[in-house]
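# Reading the structure
So the chains spell out like this:
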Protein chains: 2
Amino acid sequence: MGGKAKTDPVVPGRVRAAPENFLSADDIAAVSSGRRDVLRRGFAAALGLGGAVAASTIPAQARADDPDIVDLPPWSTSLGLPVAATPYGMPSRYERNLVRRQSPGLTQVGAASVAFTPLQGSFGIITPSGLHFERHHQGWMDIDPKRHRFMINGSLPGMVARPMVFTIDDLMRLPSVSRMHFLECGANTGMEWGNVAVPTVQYTHGMVSCSEFTGVELRLLLDICGADLSRGTFVLAEGADGSSMTRTIPMDLVRSGEVLVAYGQNGEMLRPENGYPLRLVVPGVQGVSWVKWLRRIELGDRPWGAKDESIHYVDLMPDGQHRQYTSIQEVKSVITTPSGGQALVGQGFHAISGLAWSGRGAVRRVDVSVDGGRNWREATLQQPVLPKCLTRFVLPWSWTGERAILQARATDETGHVQPTYRQLRAVRGTRSIYHNNAIQSWLVDPSGEVSNVQTA
Amino acid sequence: MGGKAKTDPVVPGRVRAAPENFLSADDIAAVSSGRRDVLRRGFAAALGLGGAVAASTIPAQARADDPDIVDLPPWSTSLGLPVAATPYGMPSRYERNLVRRQSPGLTQVGAASVAFTPLQGSFGIITPSGLHFERHHQGWMDIDPKRHRFMINGSLPGMVARPMVFTIDDLMRLPSVSRMHFLECGANTGMEWGNVAVPTVQYTHGMVSCSEFTGVELRLLLDICGADLSRGTFVLAEGADGSSMTRTIPMDLVRSGEVLVAYGQNGEMLRPENGYPLRLVVPGVQGVSWVKWLRRIELGDRPWGAKDESIHYVDLMPDGQHRQYTSIQEVKSVITTPSGGQALVGQGFHAISGLAWSGRGAVRRVDVSVDGGRNWREATLQQPVLPKCLTRFVLPWSWTGERAILQARATDETGHVQPTYRQLRAVRGTRSIYHNNAIQSWLVDPSGEVSNVQTA
């Protein structure tokens, strides 16, 4: 739905309702104020809700004289557009507001910046490739796949018996695998370390996306090249972008078969801004290691300590030391609807929906609180629940018009539980940028306005 | 990859290599003719291939002096484009050939026609929404969601206690479910009934696509409206397009919870040409019943016999009678790579990959033959394998340069096995248009060219 900027603050000192809001003032006005008690026992039973929300309401119009159902609109009485009018289709013009955006609060240095995924309008677990977040270190480019090459070599003589250079066509004739995985920037939710509550979930959590990736297992390519895995304990991945992004990947991840040299994303070739024609897929690991425009894998026997693993993507701990190579994205979740900048229209029934993920495996459960963490209810996980993949959770909720603080807390299959800010800061301090997986809080005001707050 | 039209016939009487080919002459020329025997025992073991392909070859360049890896290309030595340069991203300009297309062999009547999904370039199971096939009866339109209404009523008094009209916002606050399902037009592969072998998999099978759909269970909405399911045994779904597409849906499908009133597709709102802002999702059932631009559900006690279930979408049987309401899409599969119009470049290793699906549940197994059905090998199914959803299968294959006929044969969890054309015609005759799920054959010529053939 469309939306327009609102500037009046709900919570003093906070920016509210940015232009990318899912619900605009127009949307709100368009909803009838008439309500009916329609939740009967049958409905509650079908949902497995028990008596908890049996008194809830759903605002639904039931006017037989609603002009928009009685009078045929123009599209019911005319000839539409022909097929293939858009050979490659695009979203409706009424959805043009739901796009990737740069945070107004972030400095852009040349072409090195971030564009966030609009999670507030997301459904399910797949992120449309056109909305996948972007984070570049030297900008992006549309590489000619016929000229792109991918090389495998070793750091030391004999470490790779047959160093090779592959074309994209060479790779595409090899056995492929397709797997759904989330991809999260290590700096996602980074602003919240300093309690700089950015207004919407697009900016708090919009550096996570999820796709079905297709490619060749890196271990297969190493095997083809005669790599000596008893000597090679790490690989270096190098990109073809101007920054020559280089990252060290531990061999254990490669050996498991999880690491892919990927050319496909969501059923088609990768998008240029996401690495076309080749990127590394390192499930569960922070996005910077999923090297885009991948041109080289080098086998070695120690971490490389490259620029982006020495200066950036390190965690400044309370004692002043930097923690390095903390690459696994720990268990995390966020409520996407309702979320900051949105508005509940009327009391009664509202579905709570969000996303959960863990770099250590599958999500086991998600609990939701509407009172800032005092009481929790277990949400329903939508299928499929896949390892190192986004999982969609939903929970029915009946809003009584009171102030509410919505939270989600995920637990993964290894037993890790998403921490509160108090728990996270006890270990990590407050001076980090990266790897914030704390529980997010959304304040619902009695007016229905939703905003970003931090609770201990 | 790009491609250009080739007109010289491989198989007399057949059109070959249409413009949408995945591999073009340029692609072929770009691949090095140098080959090495690189498949070692380790590689074969990793694939679980045993000795069968141990002698195979992968053409891979291994030249240390390959100029495209030694000399830095322009994109490695310059600043790229900034983030959000495309707020809603698009495929690479090098992929512009991979789009929905109308078959040159099909007549277009006004805005009623078909645009096919380019399965020859597909990976995994998700179809990008921009490539989802189109089939309209009166064209498509971009409906204003604020003006769209959805009504539920009954055919007879009292059948629905509280007829209701919902806005999109009303529906979006209800509990949602997200599920991945294939969507296949009943006429998919229809040309092949008459042995009119169209050249590519885009035209033989490109009326199947697969998405993650999000919406509200129809049974929940019926319950909210107080529908009497003891009297209502069918529902009528009606679209808001100019043709007022109307289809009868049996109540058993609704009762199971599978039928959704959906607004989301692949993580965002439906695309206009696929029903924005609302469509019915009827898993396993032919696409015409997934009514787009859904405006009304009527509860009734008998099938309606609407135009598109009386004149169209019926099966003309050998005895001259029409079979009606045959809506389940039976178990089916097709090899997408290699497929008609593509070309194998060089002998040796080539991965066979394709899609399988069944309207009755999950795919249990897919067997692949390279000798026209005399011998079969079981393919590997990629995860996730979901009910009434596309399943991607892959099988390693080493081509020795001989003539080969590639086939895939799917079996679903109910035990149904995809038939040969001989088996299908023994029951259905040859004068049908709809519901062809026979085994597809692709002929590989010694030159490497792949074309569409029919075998008994």
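For the structure, see preceding data.
Criteria and cut-off values
Residues numbered from 1 in each chain as written. Chains lettered and ligands numbered in written order. Predicted model: local features only at pLDDT ≥ 70, side-chain atom pairs only at ≥ 80, totals over all residues. Heavy atoms only, no water. Phe/Tyr/Trp six-rings, centres within 6.5 Å; stacked < 30°, edge-to-face > 60°. Helix = DSSP H or I, 4+ residues; strand = E, 2+ residues; numbered from the N terminus. Buried < 20%, exposed > 50% of the residue type's maximum accessible area, 1.4 Å probe, protein only. Lys NZ or Arg CZ within 6 Å of the ring centre and 35° of its normal. Least-squares fit on C-alpha atoms with pLDDT ≥ 70 in both. Pairing = 2+ DSSP bridges. Axes fitted to C-alpha atoms, helices over the stretch in contact; angles between N-to-C directions. Contact = heavy atoms within 4.5 Å. Buried area = accessible area lost by both parts, 1.4 Å probe. Salt bridge = Lys/Arg side-chain N within 4 Å of Asp/Glu carboxyl O.

Now for the packing of aromatic side chains. The tally for this structure, following the rule as stated, stands at twelve aromatic pairs over all chains. On the basis of an interplanar angle of 65 degrees and a centroid distance of 5.2 Å, the ring pair of Y263 of chain A and F123 of chain B is categorised as edge-to-face. One end of the pair, Y263 of chain A, is in strand β9 (residues 260-265); the other, F123 of chain B, is in the loop between β1 (114-115) and β2 (134-135), on a second chain. By the burial criterion, Y263 of chain A is buried, and F123 of chain B matches it. Over the aromatic face of W376 of chain A sits the side chain of R409 of chain A, whose NZ or CZ is 4.1 Å from the ring centroid.

Bringing the relation of the copies chain B and chain A into the picture now. By a simple turn and slide, chain B fits onto chain A: the slide is 0.0 Å along the axis, the RMSD is 0.0 Å, and the turn is 180 degrees. The transformation just described matches what one would write down for a two-fold rotation axis.

We now examine the sheet that holds strand β7 (residues 234-239) of chain B. Residues and elements named next belong to chain B. The strand order across the open sheet built from five strands is β4-β3-β12-β7-β8, with neighbouring strands paired in mixed fashion. The open sheet has two edge strands, β4 (164-166) and β8 (246-250), and neither has a second partner. Averaged over neighbouring strand pairs, the angle between their axes works out to 20 degrees when direction is ignored. As judged from the six bridges shared by β7 and strand β12 (residues 294-300), these two strands associate in the antiparallel manner. By the bridge assignment for β12, G239 is matched with L294.

Our focus in this paragraph is the interface of chain B and chain A. Taken together, the contact pairs 128 residues of chain B with 128 residues of chain A. Each partner contributes to the roughly 11,600 Å² buried at the junction of chain B and chain A, and carbon and sulfur atoms together form 60% of this total. Counting the surface chain B buries against chain A, the share from its top three residues, W75, F123 and R173 of chain B, is 8%. Applying the counting criterion to the chain B and chain A interface returns six salt bridges.

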